[in-house]
Every structure is written in C-alpha cells, then in structure tokens.
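Architecture and fold: a report
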Amino acid sequence: MKKAALMILFSILVIISACIGTKEYSESDIMTVGIYPYMPPYQYYENSNLKGFEIELISEIAKRMNKKIEFVETNYKYGNYIAARSGTVDVSISAITKTASREKDSIYSELYMNSYSSLLCVDSKYSRLADFEGKKIGIVDDTVYVDHAESYKKSVDFEIVKYYNYYDLNSALLDGEVDGAFADYFTCKYFMKNGDDLTIIENTDIHYFGMVSSMGNEELINDIDEVLMAMYTDGSYEELRLKYFEIE
C-alpha cells in the first residue's frame with residue numbers, strides 16, 4: 001500500500017514538474033536567444049557591438065513581447081540550431097533553413113526571409129559550375145551548403161574545403177586558397193558591397209528561414225508569430241529589411 005502511495009506521489013510530482021516547465025517561458029521576463037554572429041548582414045560584430053538584420057528583428061520582437069533578451073552565442077552555425085532544439089535557449093535565429101527533417105524534432109516560427117545558395121569566385125574567373133572540375137570550392141562547415149556541395153560533386157569533380165565561418169571562407173577565396181565558394185546570397189552581396197572583388201556565378205537552391213524552438217514551446221513561437229505579423233502589417237519589418245538588404 002505504501003509502495004503504491006509512493007508511486008502515485010511520484011507521478012503527481014512528475015506532472016507538476018512538467019506543468020512548471022511549460023510555464024517557465026511565460027513567467028520569465030527574459031528570453032534567451034541563440035545567435036551565430038559571424039554571418040553578415042544577418043548578424044555580426046562591429047566595434048564589439050552586435051549588429052545585423054536578425055539582431056534588430058528579434059530585439060524588436062522581444063520589446064513588443066515585453067521581454068528582455070539574453071543573447072547566447074554559439075561557435076558554429078549548426079550549433080545554434082541544436083541549442084534551440086535541445087531547449088538550451090528559448091529560441092534561435094541565424095538564417096536557419098527550414099527543412100522537413102528539422103521539423104520532426106523542432107518547431108519553426110513563420111518564415112521571415114528567403115535567400116539562395118550562391119556559387120561565387122574572384123574577378124569573373126569562372127562562368128559556370130562545370131568550370132570547377134579539378135578545382136577547390138570552399139564552404140562553411142556544418143551548414144546546408146555541405147549537403148549542396150556533396151550533391152553537386154556527383155556531376156563535377158571538385159575538392160570541398162571546409163571553413164569555420166564566413167569571414168574565414170571569404171579570406172580563403174580572396175587569398176586563392178580555394179577557387180570558388182558556396183555561400184548565402186546576401187552574405188556574398190555584403191562582402192561584395194564592402195569592396196571585395198567577387199562575382200556571383202549562379203544562384204542555386206533557395207532557402208527559407210524561420211526562428212527555431214524546441215518541441216512543446218508552441219506558446220513562445222505563437223507569440224513571436226503574432227508580433228512578426230504585426231510588423232509586416234505596420235511596415236516596420238519592411239523598413240528593417242530595406243536597411244540591410246538590396247532589392248533587385
């Protein structure tokens with residue numbers, strides 16, 4: 001009898017703990033946000049200050065939700081997705097591509113941006129992917145570009161060279177360590193705008209970005225979506241987008 005009573009008590013405690021966990025977000029005035037500030041113009045450091053489209057976007061969302069932000073930096077891009085999926089942070093934002101496989105173990109906000117995989121080189125040296133036969137193409141490790149490069153390698157035999165972040169990749173391309181690179185379209189445009197002699201050869205796969213949270217965190221995502229829709233309606237989202245991205 002005592003054993004049965006103890007089991008019932010334990011079950012009640014587990015249920016109470018689960019309920020407390022679901023309320024943790026709504027009761028806190030702090031929202032922890034995972035970031036990867038090495039991907040301009042989405043997010044980056046300028047004079048030791050965080051800058052970028054996504055930094056301003058999530059900051060405005062948090063402000064309208066009456067939340068304070070605590071940024072949690074991850075040292076590699078995929079790690080930011082993992083931080084959100086595991087619940088280490090409340091939500092992550094860093095041009096995280098929405099995929100069918102990721103939707104199985106995480107939840108996404110409404111999509112707020114789209115971009116492309118771009119193949120680029122220095123000074124118009126090449127004109128198509130086939131020109132990279134026997135050459136080296138750089139990518140940022142632990143990103144969707146790894147999968148893309150592996151797929152393209154089936155038809156064109158080039159060497160894949162992986163780098164830690166987009167700054168390292170850009171430097172390697174300019175220094176001649178690699179002949180080309182696969183990278184985000186708007187990140188490529190950022191480096192080109194800042195004077196780097198780069199040429200986008202072609203845009204391939206399209207990517208759709210959303211903010212990511214762990215399964216069961218629907219309340220947070222719903223609140224984010226509500227603010228995001230309000231920003232679309234009042235024009236503040238478009239104003240912010242035009243601040244960082246060229247319209248073509």
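To start, this report covers the structure provided alongside it. From a predicted model like this one, the values you see are computed outputs, not experimental measurements. (Residues numbered from 1 in each chain as written. Predicted model: local features only at pLDDT ≥ 70, side-chain atom pairs only at ≥ 80, totals over all residues. Heavy atoms only, no water.)

**Thoughts on the pairing of strand β1 (residues 30–35)**
Burial of β1 is extensive: five of the six residues sit out of reach of the surface. Where β1 and strand β4 (residues 68–73) come together, six bridges link them in parallel fashion. For V33, the partnering residue across the bridge sits in β4 and is F71. Two strands pair when backbone bridges link them, and β1 and strand β5 (residues 91–92) are joined in this way by two bridges, in the parallel orientation. Its bridge partner being in β5, G34 is matched across the sheet by S92. (Buried < 20%, exposed > 50% of the residue type's maximum accessible area, 1.4 Å probe, protein only. Helix = DSSP H or I, 4+ residues; strand = E, 2+ residues; numbered from the N terminus. Pairing = 2+ DSSP bridges.)

**A few points about the sheet that holds strand β10 (residues 180–184)**
Reading across from one edge, β9-β8-β10-β7-β11 is the order of the five strands in this open sheet, with mixed pairing throughout. Of all the strands in the sheet, just β9 (159–163) and β11 (198–209) have a single pairing partner and so form its edges. Averaged over all adjacent pairs, the angle separating strand axes in this sheet is 25°, with direction ignored. Two elements, strand β8 (residues 136–140) and β9, share five bridges in a ladder whose sense is parallel. The residue of β9 that forms the bridge with I137 is I160. (Axes fitted to C-alpha atoms, helices over the stretch in contact; angles between N-to-C directions.)

**Details of helix α8 (residues 236–244)**
Of all the positions in α8, only S236, Y237, L240 and Y244 are classed as buried. On an axial view of α8, the arc spanned by its buried residues comes to 105°, and they lie on one face. If you follow the buried residues of α8, they end up packed against β2 (44–46), α2 (53–64), β7 (113–122) and α7 (218–234). (Arc of directions from axis to C-beta. Contact = heavy atoms within 4.5 Å.)

**Remarks on the packing of aromatic side chains**
Remark: the centre distance and the inter-plane angle together describe each pair of aromatic rings, the angle taken between the planes. In the structure shown here, the tally under the stated rule is 16 aromatic pairs. Ring plane angle 85° and centroid distance 6.3 Å describe the contact between Y116 and Y185, whose orientation is recorded as edge-to-face. You can see Y116 sitting in strand β7 and its partner Y185 sitting in helix α6 (residues 185–193), a full 69 residues away along the chain. Taking relative accessible area as the criterion, Y116 reaches 33% and is therefore assigned partly exposed. Ring plane angle 80° and centroid distance 5.8 Å describe the contact between Y167 and F191, whose orientation is recorded as edge-to-face. On the criterion of sequence distance, the pair formed by Y167 in helix α5 (residues 166–175) and F191 in helix α6 is long-range, its members being 24 residues apart. On the accessibility criterion, Y167 (29% relative accessible area) is partly exposed. Judged by relative accessible area, F191 falls into the buried class, the value being 9%. (Phe/Tyr/Trp six-rings, centres within 6.5 Å; stacked < 30°, edge-to-face > 60°.)

**Here we look at unusual backbone geometry**
The linkage connecting P40 with the following residue, P41, adopts the cis geometry, with an omega of 5°. Note that P41 resides in the loop between β1 and β2. Even without a glycine there, the phi angle at S48 is positive, about 70°. Among the secondary structure elements, S48 is positioned in the loop between β2 and β3 (49–51).

**Considering the environment of K51**
Of note, K51 is situated in strand β3. With residues up to four places along the chain from it excluded, the contact list for K51 reads Y42, Q43, Y44 and E46.

**Thoughts on a nonpolar patch on the surface**
A cluster of nonpolar side chains, namely L111, Y116, I206 and Y208, defines an oily patch on the protein surface of about 330 Å² accessible area. You can see I206 is positioned in strand β11. Residue I206 is classed as partly exposed on the basis of its relative accessible area, which comes to 37%. (Patch = residues over 30% accessible without salt bridge, like charges linked within 9 Å, V, L, I, M, F, W, Y side chains within 5 Å. Areas by Shrake-Rupley, 256 points an atom, 1.4 Å probe, with all protein chains shown as cover. Salt bridge = Lys/Arg side-chain N within 4 Å of Asp/Glu carboxyl O.)

**Observations concerning the environment of V144**
Following the sequence through the fold, V144 ends up in helix α4 (residues 144–152). Exposure remark for V144: the relative accessible area of 15% places this residue in the buried category. For the pair V144 and H207, spaced 63 residues apart in sequence, the C-alpha to C-alpha distance is 9.4 Å. Once you skip the residues sitting within four places of it in the chain, V144 turns out to touch T97, R102 and H207.

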